[in-house]
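Results of the structural survey
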Amino acid sequence: MRSPVWRTMIAASIAALGLFAAPLQAKADPVADFYKGKTVTLTWAGQEGGTYATFGQAFIRHMAKHVPGQPTMIMRYMPGAGGLRYANHAAGVEQADGTFLGMITTDTVLYGFMFPDKVSFKPDQFQWIGSIARVQPLISVWHTKPFKTIEDLRAREAVMGATGKGSPSFQYLAIANNLLGTKIRPVLGYKGNQDMILAVERGEIDGQENTWDSWATGYPHWIAEKKLVHLVQFGTQRLPALPDVPLAIELVTNPDDKAVMEFHSSLLAAGRPIFVPSGVPAERVEALRKAFLATLKDPEYLAEAKKLSIEAESALDGAAVQALVLKAGSAPASVKSRAAQVIDLP
Amino acid sequence: MESEAIFMLQSAGEALALIFQPERMMYLGLGALLGIILGIIPGIGGLTGTALLIPFTYAMDPFTAFAFLLGLASTTGTGDPIPAVLFGVPGGAGSAATVLDGVPMAKRGEAGRALSASYMSSLMGGVFGALLMAIAIPVMRPLVLLMGSPELFALTIFGISMVALLSGNAPLRGLAAGGLGVMLSLIGQDPQTATFRWTFDTTYLWDGLPLVAVVLGLFALPELADLAIARTAIAKDAPKHSLTKGMWQGAADCFRNWWLVLRCSWLGAAFGAVPGMGGAVIDWLAYGHALRTEKGAKQTFGRGDVRGVIASESANNAKEGGALIPTVAFGVPGSAGMAILLGAFLVHGLVPGPEMLTTNLTLTYSMVWSIAIANIVGAGICYAFSGQLARIATLRYTLILPAVMTIVYVGAFQGRGDWGDLYVLMFFGVVGWLMKQFKWPRAPLILGFVLGDSIERYMAISISRFGMDWLTRPIVLCILALTLFALLRPIIQDFRNRETELPFWKRLRAPLFHRNNLFGVFFLLFVGTMVAFAWGWNWEAKAIPVIVGIATLLAAGAGLLADIFVRQPAEGTGGNGGIHMDLDSGTSHLGLTTVAKRASAFFGWLIALMAGMATIGLLPSVPLFIVAFMRMEGREPWRLTLLYAFFTTLFFYVAFDYLLHLPWPPTLLGGLFPAAKIIPSL
């Protein structure tokens, strides 16, 4: 039996809810309204596969829950010209409404500072949302080769692979030769990182540059079996996993060289950065930055990050990335031009 | 040893049982279906498709996930030949060789037989390739480790030696085309010196020309142009072949030529397993192999010999099985699709490497079986749903061209998602059409293009690492000896059979000019300009381009002189390779003025399509283009035209915007009225 009292009470509560809801709706978040039902893309300036694509994909899968309005988030790829093509596209063509996020390497950011005439984007005008993790490049050799410390690299020639002269795989070798006095002989022309690693395994080359997380995700068995000897790491802090491997910056004493090494190392702490183009309304940038931070605390994301060997604890918030980028951009012109020289680009 | 064999067999059996569980089979079948659909659409292949599926596999167990992903990756090759046979539009770069014999068969009215032969050879190739890999797993790691850069260099030389074979009776033009292909492959930033070679200050050309746009330009557009010029159906006045009979016949062809299928699939699997060779060359290697070894092939290949289709398609499907091995054993992707698979490994917490061949052997075997089963399922789907496709070849051209032309454009746009792709497509469309008209073989060009960059890279690494010692490595010597044998044998055979033909100095004549010589002159000018540009680069950057360029000029120049001063022997009477090794344009009966007029009209339509894309975006241009083309070219009824335009546009929207999220190029209207960007692709 339903008594009329119940009916009245239900009706009253519905009305009350309506009364409460009405002002809530009036105050409804315009950012949530904007993102509701939309598709937000994260474009990675490189190929499918690989650590950037995989980490980015994992991140947005969880970030979508934390963006107001819960948009669908998908991954898009625009490789070309070592990442410059997408950076140019993001600055010139991409719609600046907050539905297009981008991810580029810090090498692309530095390239923009070193060669402003060759690009049509200004890295300091991008609005940075955060960095998923740091990137720590290492120069490493196969365990059977006669190189155990950086001193050995300075004492005799090591043959190391690289894809091409314009690529990071070559640039870190060049930085080491120019600023650390190593005698690395680069062999150029490998098609990709994986082809190089295979050449290391079969003894064709002594070693190569590669990032720590790339070794950790793809070759954990080599790390466990100590198949690799890491000789030097690039970045601002030694990795917890490699406390005895010197940082490049520690090995430079000359103040001019140190400034150049700092320029090349400074952004690595924000190694996998996400941005939106300039022109995206401030409240949406703010919301995206908040969502970024919320994702970093999301236990589901953290579990997945662990599985993928993402160093989630090294992530940086948007303001921190922005500060690092601005600092790198404000380096004196002499440092920038020397920085361009030591990576040996024409 | 014995216990190892037992462990292998156990893992293989367990894996088979795991794959045959209904849920996994369902995903595998779904993957295979998607693979075929993506394979049919030119330009979109395993790469895009697999990337699209990865997010869906998060929640699956690894066996199911890889069954799903490999189901797609291994069947795109089964869908590829469908447009290749029907329209001469290769569905992927790996099906370019199928065009050479598939199209003439369709023109003869044997599209059903050609399609059936390609489904069946895809099936057999895929299964044989996977089986070879299943047996070879224990020895794969040491074998791959033996293949250093010098060995890869020797293999690329072996590959490029096929140019001689694929040039048919025009060896000099073939060499010149191959040389141009090598030069074009070197466009972009040079790895050795970071010199920008022929990039003309564009970032687009930094990474070279995109393969998809080049292949579609060279092979697809000329075929479509000739269809527009002939203004007929593809199979015009062909005798009515029974479709069912054709289907049976095509399958029977594969069984009759089982030895060829087996050889080509092992070749495909073996080359697929060599990291760094690239899949686009494998169909040509198999085609060349068949051309060299099959009885009477030199007289019939390129004119609709079913064995040409079988060779290229069986190798094309076998290569995924091969490509899987370096991916799981070393983490070195053997093909573009496999690169994405590496990403999936990470997602599922797997590490490619020795473990995959020991503790995770069952999973590895499940992947091999997935590939084999997907090929069977894929061919089954093709037989069930696309057998009727052969009828398309009897449709009139105004019904075929609008959809196919627009799809080719969007397909080429998959190369980089950039305007440059469309220019590249257009440029190679014109070049390819002219080559076809003037009987320059196109296969050597694509072979040079696919291998050129690798040749330079591996040569640089070999010499910079080993000096001249690379030449003393036993495997290198074997491959080079094999190459030499393959090159010399036909020459010696020719020499023996050469009684009927006079040497060229006895055939000299007073100079006779023909308008066809103009293309030779244009070619010389083009390559000459490229060499002139290269002259200013520093030595390391220009060595290969200039050497190849000069050789190309010599070959093209000698070819031009021979055309002018030497009487040609009649076709098929011996000579070098016997026949013209490419398709005949089939429009010579129309006369020069008609051909020129209709060709300009065709390329004019393409320019109009591009102009539309630039102003109002690709998607809005599609219906306008279709309506304009069908009404103006063919006076098709309004009702049909509008329905056709609607459904094609809907398909484009769903496939390319909604599912693939293509980054569309900026448009004029979008720039002027940013608010209008709500319309997709504007």
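For the structure, check the block above.
The following paragraphs examine the structure supplied in this document. (Residues numbered from 1 in each chain as written. Chains lettered and ligands numbered in written order. Predicted model: local features only at pLDDT ≥ 70, side-chain atom pairs only at ≥ 80, totals over all residues. Heavy atoms only, no water.)

A tally of helices and strands in chain B yields 28 helices and two strands. Taken over the C-alpha trace, chain B has a radius of gyration of 25 Å; the compact-globule value for 682 residues is 26 Å, and the two agree within 12%. For chain B, the spread of C-alpha atoms along the principal axes amounts to about 75 × 65 × 55 Å. When each of the 682 residues of chain B is scored for burial, the buried share is 62%. For chain B, long-range pairs separated by at least 24 residues make up 81% of all intrachain contacts whose partners lie at least 6 apart in sequence. Put simply, chain B shows about 25800 Å² of open surface, and 71% of that area lies on carbon and sulfur atoms. (Helix = DSSP H or I, 4+ residues; strand = E, 2+ residues; numbered from the N terminus. Rg over C-alpha atoms; globule rule 2.2 N^0.38 Å. Buried < 20%, exposed > 50% of the residue type's maximum accessible area, 1.4 Å probe, protein only. Contact = heavy atoms within 4.5 Å. Areas by Shrake-Rupley, 256 points an atom, 1.4 Å probe, with all protein chains shown as cover.)

The number of helices and strands found in chain A is 15 helices and eleven strands. Viewed in the frame of its principal axes, chain A has a C-alpha envelope of about 95 × 45 × 35 Å. Counting the 346 residues in chain A, one finds 60% classified as buried. Taking all contacts inside chain A whose residues are at least 6 apart in sequence as the whole, residues at least 24 apart take part in 77%. Summing over all exposed atoms, chain A offers an accessible surface of approximately 14100 Å²; the carbon and sulfur share of this is 58%.

What follows covers the sheet that holds strand β1 (residues 39-44) of chain A. Adjacent strands of a sheet pair through backbone hydrogen bonds, lying either parallel or antiparallel. All names here are of chain A. The strand order across the open sheet built from six strands is β2-β1-β3-β10-β4-β11, with neighbouring strands paired in mixed fashion. Each having just a single partner strand, β2 (72-77) and β11 (316-317) make up the two edges of the open sheet. Pairing analysis gives four bridges linking β1 to strand β3 (residues 100-103), with the strands arranged parallel. Looking across to β3, one finds that Leu 42 is bridged to Leu 101. (Pairing = 2+ DSSP bridges.)

On to the packing of aromatic side chains, then. Summed over the entire model, instances satisfying the criterion amount to 44 aromatic pairs over all chains. Taking the centre distance of 4.1 Å and the plane angle of 25° together, the rings of Phe 126 of chain A and Phe 275 of chain A count as stacked. Taken as a pair, Phe 126 of chain A in the loop between α5 (106-114) and β4 (127-131) and Phe 275 of chain A in strand β10 (residues 273-276) lie far apart in primary sequence, 149 residues in all. The two residues Phe 126 of chain A and Phe 275 of chain A agree in class, both being buried. In this structure an aromatic cluster arises from ring pairing among Phe 427, Phe 428, Phe 438, Trp 440, Phe 519, Phe 522, Phe 523 and Phe 526 of chain B. (Phe/Tyr/Trp six-rings, centres within 6.5 Å; stacked < 30°, edge-to-face > 60°.)

Relative to the helices and strands, Arg 24 of chain B is located in helix α2 (residues 22-40). The contact partners of Arg 24 of chain B, leaving out residues within four places of it in the chain, are Leu 18, Ile 19, Asp 61, Phe 63, Thr 64 and Ala 67 of chain B.

Below, the discussion takes up the state of the cysteines. All names here are of chain B. Within the structure shown, the criterion is met by zero disulfides over all chains. Sulfur of Cys 254: no disulfide; nearest cysteine sulfur belongs to Cys 264 and is 11 Å away. Here Cys 254 falls in the buried class, since its relative accessible area comes to 0%. (Disulfide = S-S within 2.5 Å.)

Residue and element names in this part refer to chain B. Positioned with a positive phi, Ala 194 is a non-glycine residue whose angle comes to about 60°. Relative to the helices and strands, Ala 194 is located in the loop between β1 (188-189) and β2 (196-197). Although it is not a glycine, Asp 201 adopts a positive phi angle of roughly 60°. For Asp 201, the location among the structural elements is in the loop between β2 and α11 (211-230).

What follows concerns the environment of Ala 280 of chain B. Residues and elements named next belong to chain B. Here Ala 280 is to be found in the loop between α13 (258-273) and α14 (282-293). A relative accessible area of 11% places Ala 280 in the buried class. Separated by 340 residues in sequence, Ala 280 and Pro 620 have C-alpha atoms that sit 33 Å apart. Once residues within four sequence positions are removed from consideration, Ala 280 is found in contact with Ala 93, Leu 211 and Val 450.

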